[in-house]
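Structural overview for review
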Amino acid sequence: MWNYIKRCRKQNIVAFTMLFLVNLCEMGSRLIEILIMDQALGGNLKNILLILAGDLYFSIFVLWIQYEQKRTQARAIEAMNCEMRKDITGKIRKRDYQKFMEKDTGEYISWYTNDVKEAEMLGFQNIYEYVNWILLFGMNAIALFVVRWELLLLTLVISAGTFYLSKHFEQGLEELSEKVSTQMEQFTEKAKEQIIGLRVLKAFGHLKNFDVDMSDAGMQMEDQRLKFEKETAKVRRKLGSLSAAGMYSLHVILFAFAVIGKIQASVLMGGVNMISDAYYSFQQIIGMRVRLAGARPYFQKLEEQDREEEPCLQLPEVRDRIQIRNLIFAYTDRPVLKGVSLDFKMGGKYVLVGKSGCGKSTLLKLLLGQLTGYQGEILFDGKEAGQYGRDSFYQRMAYIEQNVFLFHDTIRENITMGDPFTEAELEEALQKSALLGDLDHFVDGLDTNVGENGSHLSGGQKQRVAIARALIHHRSILIVDEGTSALDQENAAAIEDTLLACQDLTVIMVSHHLREEKKKAYTAVYRLENGMQAEI
């Protein structure tokens, strides 16, 4: 948390300065009370009225200071929230494919929403309260020292005893807060899954499942939050009991000092308020430490470093060939590839065939660096793939998968990804992907919004957009995993012919429906059976 305070130091310095001024004004109000009491005991009505008139203007000034403090605090917290989201984005970006896939997308969404919200409430908001009580305690401690140093000493002794007794409350709240974070992630994932699958539930008449699953997930999350709030309330009750006992003791001592003449009667009223503020603020400091413990899991989640560091070398342009030698890979205890050896010469056109589950898609993901932990060798121009940063693979290879993802934007933006391509380049990509003819059906043409994940397009249109996207970015290697499966036979054949005709383009394609007459057009056809290479 302190990391974000430092990174947004300018906003926080302004906000903390305003907080200091607010507390200084509060102390001024206490001194005015003592001054009024002194004049009242002296029977000086004129001075009392003058002081009250000045106090009115002072109160208006205090209200303005309080407004500015809240405004500057809100801006500082806004800046820290933005920095926290940047760190979440950076943490997700740095994860390799395998690490990223260990969590559901709902959990990552929960980081951006629930975690940031909880970090703000339990962390950023409370740290300002924490500093506020420290300032209030410090100013009242100075005032008490001026009145009677013995009162300050007794206040510190009794407060320190309460502080010692409260230390063991922190760990329990921290553990419960971590469980709340986990339960929120699970709820977000369940909500995402149910909303995406609502059409399926409707189609099969199972809308009751939507009600039950959402209700159960919501109840589990709220039950965990309730446990946290109950434990927090118990801690506050215990701290409140200790605080009441300590305050009672201090008031007895203060009035005893007044009776024996150790302090003036005019100081008594202000002294009561100062002791109350000093003691109460110290108790709040203790309580804030306990509450801040509940925020730690949200910040520790971002501080945790992934074990594997990305290699710094970038994959250079592959000029000769990609070689696979005795490749072995397994998902946990399930072997998928068992000693596969293949060659892909640059500029060649290759197709992988075989039954579902034989390892074709897994092989492509290994080539793309999405999966690691294999045995054997994957060589780019004779150099092992593992020495290169996996994110750099996408600078050399384009990937078209069966389940195409499109952003909620226009067709143009989904193809260009915001890069400044010329109209000629765009038209060429549209022509080669067989998408040009589809544009006539859209009123806005390339500027047609595709909807959420391409919901306004057919499956074939989505795949043609993905192919156009890959072609226009001029990657020298094209990895295609059933990239034409949603197309009709005529368009699929047209795209296949286009890809085969690109002399400088290396194509490695998975197909379940390879036409017999097209086999000779490929440099090689590799068949996989049960994770091993088989004869065609």
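Residues numbered from 1 in each chain as written. Predicted model: local features only at pLDDT ≥ 70, side-chain atom pairs only at ≥ 80, totals over all residues. Heavy atoms only, no water.

So, about the overall build of the chain. Scanning the chain for helices and strands turns up 16 helices and ten strands. Put simply, the chain has 536 residues, and 46% of those count as buried. Taking as baseline every contact in the chain between residues at least 6 positions apart, the subset at least 24 positions apart corresponds to 76%. Carbon and sulfur atoms make up 55% of the accessible area of the chain, which totals about 28800 Å². (Helix = DSSP H or I, 4+ residues; strand = E, 2+ residues; numbered from the N terminus. Buried < 20%, exposed > 50% of the residue type's maximum accessible area, 1.4 Å probe, protein only. Contact = heavy atoms within 4.5 Å. Areas by Shrake-Rupley, 256 points an atom, 1.4 Å probe, with all protein chains shown as cover.)

Another aspect to go through is the packing of helix α14 (residues 423-432) against helix α15 (residues 459-472). Direction vectors running N to C along α14 and α15 enclose 135°, while the axes themselves pass 8 Å from each other. The pairing of α14 with α15 is recorded here as oblique in orientation. Crossing geometry of α14 relative to α15 is assigned as right-handed. Between α14 and α15, the residues in contact are Glu-425, Leu-426, Ala-429 and Lys-432 and Ala-468, Leu-471 and Ile-472, respectively. When grouped by side-chain class, the residues that make up the contact of α14 with α15 number five nonpolar, no polar and two charged. (Axes fitted to C-alpha atoms, helices over the stretch in contact; angles between N-to-C directions. Parallel < 35°, antiparallel > 145°, perpendicular 65-115°, else oblique. Left-handed = near helix turned anticlockwise from the far one by under 90°. Nonpolar A, V, L, I, M, F, W, Y, C, P; charged D, E, K, R; others polar.)

What follows covers the packing of aromatic side chains. Taken as a whole, this structure holds twelve aromatic pairs when the rule is applied. Aromatic side chains Phe-344 and Tyr-526 sit 5.7 Å apart centroid to centroid with 90° between the ring planes, which places their arrangement in the edge-to-face category. With Phe-344 in strand β2 (residues 334-345) and Tyr-526 in strand β9 (residues 524-529), this pair connects stretches of sequence that are 182 residues apart. Relative accessible area serves as the criterion here: at 13%, Tyr-526 is assigned to the buried category. For the pair Tyr-350 and Tyr-526, a centre-to-centre distance of 6.1 Å together with 0° between the ring planes defines the contact as stacked. Highlighted residues: Tyr-350 in strand β3 (residues 349-353) and Tyr-526 in strand β9, separated in sequence by 176 residues. For Tyr-350, a relative accessible area of 4% translates into the label buried. An aromatic cluster of at least three residues, connected via ring pairs, comprises Tyr-4, Phe-124 and Phe-299. (Phe/Tyr/Trp six-rings, centres within 6.5 Å; stacked < 30°, edge-to-face > 60°.)

Moving on, we get to the sheet that holds strand β1 (residues 321-331). Read across the open sheet, the four strands follow the order β2-β1-β4-β5; overall the sheet is antiparallel. Strand pairing shows two members of the sheet lacking a second neighbour, β2 and β5 (383-384), which therefore form its edges. In terms of strand pairing, strand β4 (residues 375-380) meets β5 through two bridges, oriented antiparallel. Paired with Leu-379 across the two strands is Glu-384, which belongs to β5. Against the sheet, helix α12 (residues 360-367) touches β1, β2 and β4, its axis set at about 120° to β1. (Pairing = 2+ DSSP bridges.)

What follows is about the sheet that holds β9. The mixed open sheet is built from six strands, whose spatial order is β6-β7-β8-β3-β9-β10. Two strands bound the open sheet, and with one partner strand each, they are β6 (397-400) and β10 (532-534). Ignoring which end each strand starts from, the neighbouring axes of this sheet average 25° apart. As paired strands, strand β7 (residues 477-481) and strand β8 (residues 506-510) are joined by five bridges and run parallel to one another. Considered in β8, the bridge of Ile-479 is made with Ile-508.

What follows is about α14. When α14 is considered as a whole, its buried residues turn out to be Leu-426, Ala-429 and Leu-430. All buried residues of α14 fall inside an arc of 100° around its axis, so they share one side. Of the exposed residues in α14, the ones pointing more than 90 degrees away from its buried face are Ala-424 and Gln-431. Summarising the contacts, the buried residues of α14 are in contact with α13 (411-416) and α15. Ala-434 occupies a position one or two residues after α14 and carries a positive phi of about 65°. (Arc of directions from axis to C-beta.)

Taken together, the side chains of Ile-142, Phe-145, Val-146, Trp-149, Leu-153 and Val-157 define a hydrophobic patch exposed on the protein surface, amounting to about 670 Å² of accessible area. Mapped onto the nonpolar patch, the elements with two or more residues apiece are α5 (105-147) and α6 (149-166). Note that Val-146 resides in helix α5. (Patch = residues over 30% accessible without salt bridge, like charges linked within 9 Å, V, L, I, M, F, W, Y side chains within 5 Å. Salt bridge = Lys/Arg side-chain N within 4 Å of Asp/Glu carboxyl O.)

All right, on to the pairing of β8 then. Where burial is concerned, most of β8 is hidden: five out of the five residues are buried. Burial along β8 is two-sided: the residues Thr-506, Ile-508 and Val-510 and Val-507 and Met-509 are all buried. Where β3 lies against β8, four bridges are found, and the strand directions are parallel. Within the sheet, the bridge partner assigned to Leu-352 lies in β8 and is Val-510.

Moving on, we come to the environment of Leu-337. Within the secondary structure, Leu-337 sits in strand β2. Spatially, the C-alpha atom of Leu-337 lies 6.6 Å from that of Leu-327, the residues being ten residues apart in sequence.

A word on the side chain of His-473. With respect to the secondary-structure elements, His-473 resides in the loop between α15 and β7. With a relative accessible area of 16%, His-473 lands in the buried category. Polar contacts involving the side chain of His-473 include one to the main-chain carbonyl oxygen of Thr-416, which spans 3.3 Å. Here His-473 is in contact with Ile-415, Thr-416, Met-417, Asp-419 and Phe-421, once residues within four sequence places are set aside. (Polar contact = N/O pair within 3.5 Å; in protein donor to acceptor, adjacent residues only side chain to side chain.)

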